[in-house]
Amino acid sequence: MVQIVVSSARAGGLAEWVLMELQGEIEARYSTGLAGNLLGDLHYTTEGTPVLIVGHHILYGKIIHLEKPFAVLVKHTPGNQDCDELGREIGTRYLVTALIKDKILFKTRPKPIITNVPKKV
Amino acid sequence: MKRTREEVDATLQIAKLNAAELLPAVHCLGFGPGASGAAAGDFCLLELEPTLCQQLEDGHSLVIRGDKDEQAVLCSKDKTYDLKIADTSNMLLFIPGCKTPDQLKKEDSHCNIIHTEYTTEDLLDQIQASEEEIMTQLQVLNACEIGGYWRILEFDYEMKLLNHVTQLVDSESWSFSKVPLNTCLQELGPLEPEEMIEHCLKCYGKKYVDEGEVYFELDADKICRATAQMLLQNAVKFNLAEFQEVWQQSVPEGMITSLDQLKGLALVDRHSRPEIISLLKVDDLPEDNQERFNSLFSLREKWTEEDIAPYIQDLCGEKQTIGALLTKYSRSSMQNGVKVYNSRRPIS
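Description of the structure in this document. Because the structure is predicted, anything quoted here is derived from the model rather than measured. (Residues numbered from 1 in each chain as written. Chains lettered and ligands numbered in written order. Predicted model: local features only at pLDDT ≥ 70, side-chain atom pairs only at ≥ 80, totals over all residues. Heavy atoms only, no water.)

Let's talk about the pairing of strand β1 (residues 26-30) of chain B
When you tally the buried positions in β1 of chain B, you get five out of five residues, the bulk of the element. A two-sided burial pattern is seen for β1 of chain B, the buried positions comprising Val26, Cys28 and Gly30 of chain B on one face and His27 and Leu29 of chain B on the other. Here strand β3 (residues 38-44) of chain A runs beside β1 of chain B; their pairing, made up of four bridges, is antiparallel. Across the sheet, Leu38 of chain A pairs through a bridge with Gly30 of chain B, a residue of β1 of chain B. (Buried < 20%, exposed > 50% of the residue type's maximum accessible area, 1.4 Å probe, protein only. Helix = DSSP H or I, 4+ residues; strand = E, 2+ residues; numbered from the N terminus. Pairing = 2+ DSSP bridges.)

Quick look at the pattern of salt bridges
Tallying each qualifying case throughout the model produces twelve salt bridges over all chains. In this structure, Asp314 of chain B and Arg292 of chain B form a salt bridge, with 2.8 Å as the shortest nitrogen-oxygen distance. In this pair, Asp314 of chain B sits in the loop between α12 (305-312) and α13 (322-329) while Arg292 of chain B sits in helix α11 (residues 289-299), placing the two residues 22 residues apart along the sequence. On the basis of relative accessible area, Asp314 of chain B is assigned to the partly exposed category, the value being 48%. The class of Arg292 of chain B is buried, set by a relative accessible area of 2%. Linked through salt bridges whose partners overlap, the residues forming this network are Glu16 and Lys101 of chain A together with Glu57 of chain B. (Salt bridge = Lys/Arg side-chain N within 4 Å of Asp/Glu carboxyl O.)

Some details on the packing of aromatic side chains
Overall, the coordinates contain seven aromatic pairs over all chains when judged by the stated rule. Geometrically, the ring pair formed by Trp17 of chain A and Phe94 of chain B is tilted, given 5.5 Å between the ring centres and 45° between the ring planes. Taken together, the positions of Trp17 of chain A in strand β2 (residues 15-22) and Phe94 of chain B in strand β6 (residues 91-96) put the pair across two chains. The two residues Trp17 of chain A and Phe94 of chain B agree in class, both being buried. Here the aromatic rings of Tyr208 of chain B and Tyr215 of chain B are separated by 5.9 Å at their centres, their planes lie at 25°, and the arrangement is stacked. Its relative accessible area of 15% is what places Tyr215 of chain B among the buried residues. Among the aromatic residues, ring-to-ring pairing joins Phe238, Phe243 and Trp247 of chain B into one connected group. The ring of Tyr215 of chain B has Lys178 of chain B sitting right over it, with the charged end atom 5.0 Å from the ring centre. In this structure, Arg300 of chain B is placed above the aromatic ring of Trp303 of chain B, and the distance from its NZ or CZ to the ring centre is 5.0 Å. (Phe/Tyr/Trp six-rings, centres within 6.5 Å; stacked < 30°, edge-to-face > 60°. Lys NZ or Arg CZ within 6 Å of the ring centre and 35° of its normal.)

Structure below.
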């Protein structure tokens, strides 16, 4: 029987993150990858609509409060020294790093921002 | 490389967004150092019943149990739940420290910019997300990937790349069917990243090898079509005759433009005087059948089959042909000896 424990990473309350859901894929322009790069600016209208500016595009989305929240789990595979109070080896665990109770969903097509106006036809 | 308020405001201006309609706080999102995909397998999301979530918040643990041949289950102190795995083709991003509009409105915060910056190491060791408004970095993890989005984002950039390539072809007097990859990379490398040049050639041509060298055969139809899109997308409509002239002049010398290349991209109105052409991309139209037809009929009252076919082609499935769709969603009549289709009911 396999048992994997899912536990809170620390006592005293879990952090709350927000999930952002996009259709499609974001690729880095250069082969150096995404790490360390800016994605874009996230604004909210006074009515609470999320607006994301990414590159040359604007996306309008909506905030959804999740009826069933998500827990963000990080897998922790033990090293040799990981033992519990009784000196038994601990198996693989999932640590709950944060909870997600809200998500921002963008599902409409991005609108292009036109910056260059070509010569008049 | 943190963005300043000035830069954010400049972006808002370019995007033609009215700052008065927005909340003052902005989140400048960035990718954390672990965002290049290697860490993707380390995270997963567990969807919880509210009661289970409460138990975790109270500090209790849950246990996943199962024999090798059994379905796994999730156990709390007193209940057992079935565990199911689900996939999504959407991209999911985690934003630690992000505020919802409700939270922003409640706080009377003077802090105007929320930067997100957070390292993978911090997460795994410390496991304490900072609760302050400052400084938590976005962690990006792909749940699943689908292609195609990149192209939509970068059309203007693709056109820029394409122009570099076609100008080079012209100055070197190469044939369109034999464009050498290496020379392109050599000559254009100083201007644009090599992967992008190659990507452009792949989009607009077909790769082949001849005597050990890689060449591309450029696709004239695709290039003419992209050029037309670039011309049409910045105006509502064009005089057809003028457009055709400019369009032909804008494509690489030797390529022939033809309106057939613009199916599903542009619409020609032959009844107006002068005849006009405007951008109409099938991708921008509603996906639902009835809504698609409503939107087409509100753009134009009567359509010939030839004109409407490119705009409903993608709705055809195994069960439905263009003819069947037209029968179901439209009514036909004869006009000047030609069969035309219009809406079944009045469009407001």
